[in-house]
Amino acid sequence: MDNFLLRGVLCVLVVCMLSSSARGRSDVLELRDADFDYLAPEQETMLVKFYAPWCGHCKKLAPEFESAATRLKGTVTLAKVDCTSNTETCKQYGVTGYPTLKIFRNGQESSSYDGPRSADGIVNYMKKQAGPDSVPLQSEHDLENFINNFDASVVGFFSGTDSSQLAEFLKGASLMRESFRLAHTTDLQLGNKYGVTYESVLLFRPPRLSSTFEESVVHHTGSMSITGLRRFIRDNIFGLCPHLTKENKDSFKKRDLLTAYYDLDYIRNAKGSNYWRNRVLKVASKFSSQGLLYSVANRNDFMEELEDEFGLGPSDGAELPVVTIRTRTGNKYTMREEFTRDGKSLESFLEDYFAGRLKRYVKSEPVPAKNNGPVKVVVADTFEEIVNDQEKDVLIEFYAPWCGHCKKLEPKFTELGEQLYSDPNIVIAKMDATANDVPQGYDVQGFPAIYFAAAGRKNEPKRYEGAREVKDFISFLKREASKSLVLNGVKEEL
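Residues numbered from 1 in each chain as written. Predicted model: local features only at pLDDT ≥ 70, side-chain atom pairs only at ≥ 80, totals over all residues. Heavy atoms only, no water.

Undergrad: Hey, could you run me through the sheet that holds strand β7 (residues 153-157) in this one?
TA: Working definition: the strands of a sheet are paired by backbone hydrogen bonds and lie parallel or antiparallel to each other. In space, the five strands of this open sheet follow the order β6-β8-β7-β9-β10, with mixed pairing throughout. The sheet is open, and its two borders are formed by β6 (135-136) and β10 (217-219), each paired with just one other strand. In this structure, β7 lies alongside strand β9 (residues 200-204), joined through five bridges in antiparallel fashion. Counted as the bridge partner of Ser153 is Phe204 from β9. On top of the sheet, helix α7 (residues 164-176) reaches β7, β8 (181-185) and β9; it is set at about 160° to β8, its chief contact. (Pairing = 2+ DSSP bridges. Helix = DSSP H or I, 4+ residues; strand = E, 2+ residues; numbered from the N terminus. Contact = heavy atoms within 4.5 Å. Axes fitted to C-alpha atoms, helices over the stretch in contact; angles between N-to-C directions.)

Undergrad: What's the story with the packing of α7 against helix α8 (residues 226-236) in this structure? I'm lost.
TA: How two helices pack is summed up by the angle between their axes together with the distance between the axes. Packing of α7 against α8 leaves a shortest axis separation of 9 Å and a crossing angle of 55°. On the basis of the axis angle, α7 is oblique to α8. Classified by chirality, the crossing of α8 by α7 is right-handed. In contact with Glu168, Phe169, Lys171, Gly172, Leu175 and Met176 of α7, α8 contributes Ile226, Leu229, Arg230 and Ile233. (Parallel < 35°, antiparallel > 145°, perpendicular 65-115°, else oblique. Left-handed = near helix turned anticlockwise from the far one by under 90°.)

Undergrad: I keep staring at the state of the cysteines and nothing clicks. Help me out?
TA: One covalent bond between the sulfur atoms of two cysteine residues makes up a disulfide. By the definition in use, this model includes one disulfide. Note that Cys83 is cross-linked by a disulfide to Cys90, the S-S spacing being 2.0 Å. Its S-S torsion of approximately -90° makes the covalent link between Cys83 and Cys90 left-handed. Residue classification places Cys83 among the buried residues on the basis of a relative accessible area of 4%. (Disulfide = S-S within 2.5 Å. Buried < 20%, exposed > 50% of the residue type's maximum accessible area, 1.4 Å probe, protein only.)

Undergrad: Which parts of the structure should I look at to understand α8?
TA: Since the α-helix advances by 3.6 residues per turn, residues separated by three or four positions end up pointing in the same direction. Those residues of α8 that fall on the buried side of the exposure criterion are Gly228, Leu229, Phe232, Ile233 and Asn236. Angularly, the buried residues of α8 cover 125° about the axis, an arc narrow enough to put them on a single face. Buried residues along α8 sit against β7, α7, β8, β9 and β10. (Arc of directions from axis to C-beta.)

Undergrad: Please explain the packing of aromatic side chains as it appears in this structure.
TA: Two aromatic rings, taken as a pair, are described by how far apart their centres are and by the angle between their planes. The full count for this structure, using the stated rule, is 25 aromatic pairs. Measuring from centroid to centroid gives 6.4 Å for Phe383 and Phe398, while their planes differ by 20°, and the two rings are stacked. With Phe383 in helix α12 (residues 383-386) and Phe398 in strand β17 (residues 393-399), this residue pair connects regions lying 15 residues apart in the sequence. A relative accessible area of 4% means that Phe383 is categorised as buried. Classification of Phe398 as buried rests on a relative accessible area of 0%. It is Lys49 that lies over the ring of Tyr51; its NZ or CZ is 5.1 Å from the centre. Directly above the aromatic system of Tyr275 lies the positively charged group of Arg279, at a separation of 3.7 Å from the ring centroid. (Phe/Tyr/Trp six-rings, centres within 6.5 Å; stacked < 30°, edge-to-face > 60°. Lys NZ or Arg CZ within 6 Å of the ring centre and 35° of its normal.)

Undergrad: Explain unusual backbone geometry to me, please; I cannot follow it from the model alone.
TA: Working note: non-glycine residues mostly have negative phi, and peptide bonds are mostly trans. Tyr98 connects to Pro99 through a cis peptide bond whose omega is -15°. Mapped onto the elements of the fold, Pro99 is located in the loop between α4 (87-92) and β4 (100-105). Cis peptide bonds are those with omega within 30 degrees of zero, and the linkage from Phe447 to Pro448 qualifies with -10°. Within the fold, Pro448 resides in the loop between β18 (426-432) and β19 (449-453). We note that Asn106 has phi near 50°; this positive angle belongs to a residue other than glycine. By the element assignment, Asn106 lies in the loop between β4 and β5 (108-112).

Undergrad: Just checking my understanding: could you explain helix α9 (residues 270-284) for this structure?
TA: Here α9 contains 15 residues, and its C-alpha end-to-end distance of 20 Å stays within 8% of the 21 Å for a straight helix at 1.5 Å per residue. If you follow the buried residues of α9, they end up packed against β12 (257-262), β13 (293-298) and α11 (344-354). (Expected span 1.5 Å × (residues − 1).)

Undergrad: Help me understand the pairing of β5, please; the structure alone is not making it clear to me.
TA: Both faces of the sheet carry side chains from a regular strand, because those side chains alternate between them. Of the strand pairs in this sheet, β4 and β5 are connected by four bridges, and their pairing is antiparallel. The residue of β5 that forms the bridge with Ile103 is Ser111. Taken together, β4 and the strand that follows it, β5, pair antiparallel across an intervening segment of two residues, in which Asn106 is found at a positive phi of about 50°.

Treat this as a map of the structure, not an account of what it does.
Below is the structure:
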């Protein structure tokens with residue numbers, strides 16, 4: 001009996017250990033310098049995350065990446081490389097910031113990943129990578145299933161497999177598959193319902209976004225070349241008022257974009273979702289030629305961004321849409337007037353925007369009560385006063401509180417400020433780029449980002465690319481400063 005009980009206990013322990021091991025096992029393949037070159041070719045399609053353990057953006061991405069890896073298991077491999085301990089691999093693939101995501105096919109780098117960073121977005125994006133460049137359609141059922149999708153669809157109709165137009169379309173599909181859904185058929189009759197009588201390409205907008213303000217199907221009338229196809233898709237893919245999501249938001253970064261946020265839900269309440277969208281469309285159609293793109297979005301999906309980037313809380317707008325504009329240069333505006341059902345308030349807001357009467361919204365930390373340290377603290381509201389002072393040279397560091405490189409730089413930057421503290425012509429400064437809007441002209445994609453704004457030339461900030469020791473900064477400033485440096489109270493000779 002004792003032996004029986006002992007065996008039972010041992011079995012339970014083994015099961016528990018196996019269960020614990022299974023829970024801790026990751027579906028993200030970990031690659032190192034020693035095994036990258038022979039493990040990567042074993043994966044037909046692979047998304048690799050190059051990261052640093054201290055990186056805040058990397059930590060935020062990690063659970064989404066892990067979830068996506070589990071859902072894509074057996075279809076696409078997701079892998080990761082720690083660049084702090086695998087420097088050779090990261091150097092080989094030109095990794096300079098974190099996280100960097102790249103797509104590999106059979107061990108060869110295919111392209112950079114520029115898709116969404118959420119689990120849903122990664123899954124949807126990478127599923128497209130695993131299938132054919134263009135989906136072949138054999139029947140009307142295939143066609144209707146393909147175009148009845150959450151995203152827009154591009155379909156080529158051709159006369160046969162030997163069509164030169166088809167060959168050109170497939171070349172374009174291989175280059176554009178990462179961004180668009182593409183399909184083709186060699187049976188022209190499948191397009192009869194949509195007015196197809198000869199070889200052509202049609203763009204089908206998502207059925208849920210159908211409206212009386214624009215065509216649901218757009219015919220390509222230009223060249224069938226890759227350039228012509230790309231231009232046709234680019235000019236028509238969004239329509240007049242697309243549905244902005246966390247997955248597709250990066251596609252709009254280079255556009256001046258107005259967004260109406262409300263309780264939008266195309267799964268549970270398509271009619272209610274289109275109620276407010278139609279009001280945006282009605283007003284947008286009056287301003288459609290002025291270069292602004294319009295969109296609608298679920299407020300809850302973007303609540304963190306609305307609070308952080310536009311100062312809008314959950315109570316703003318209540319049951320009505322809240323409206324923002326973000327330009328490609330980073331300028332931000334909010335509609336403070338209540339959204340009216342007749343659209344008049346939105347129309348008035350747009351008239352003020354196009355007339356240049358709106359005041360920009362700027363995110364800024366409070367102005368420091370005391371700011372006499374060797375490194376001046378700059379916030380968005382004091383940037384003009386301190387950094388754009390035409391009488392002084394300014395070396396400014398844009399940092400993130402969680403950034404390991406920034407923490408390592410801090411004592412050196414402080415020492416630099418101390419050595420130049422008595423120089424009346426130069427300012428050593430820093431700004432938390434996560435808590436303040438970074439002005440136009442300063443490209444801050446990673447941390448720390450260091451710029452030199454010379455006296456009298458504030459519209460030409462120069463990025464500092466040198467080493468980060470105090471002596472290196474001083475050598476740089478001796479070359480770039482408008483006047484001789486005063487180091488430790490002693491004026492240097494030019």
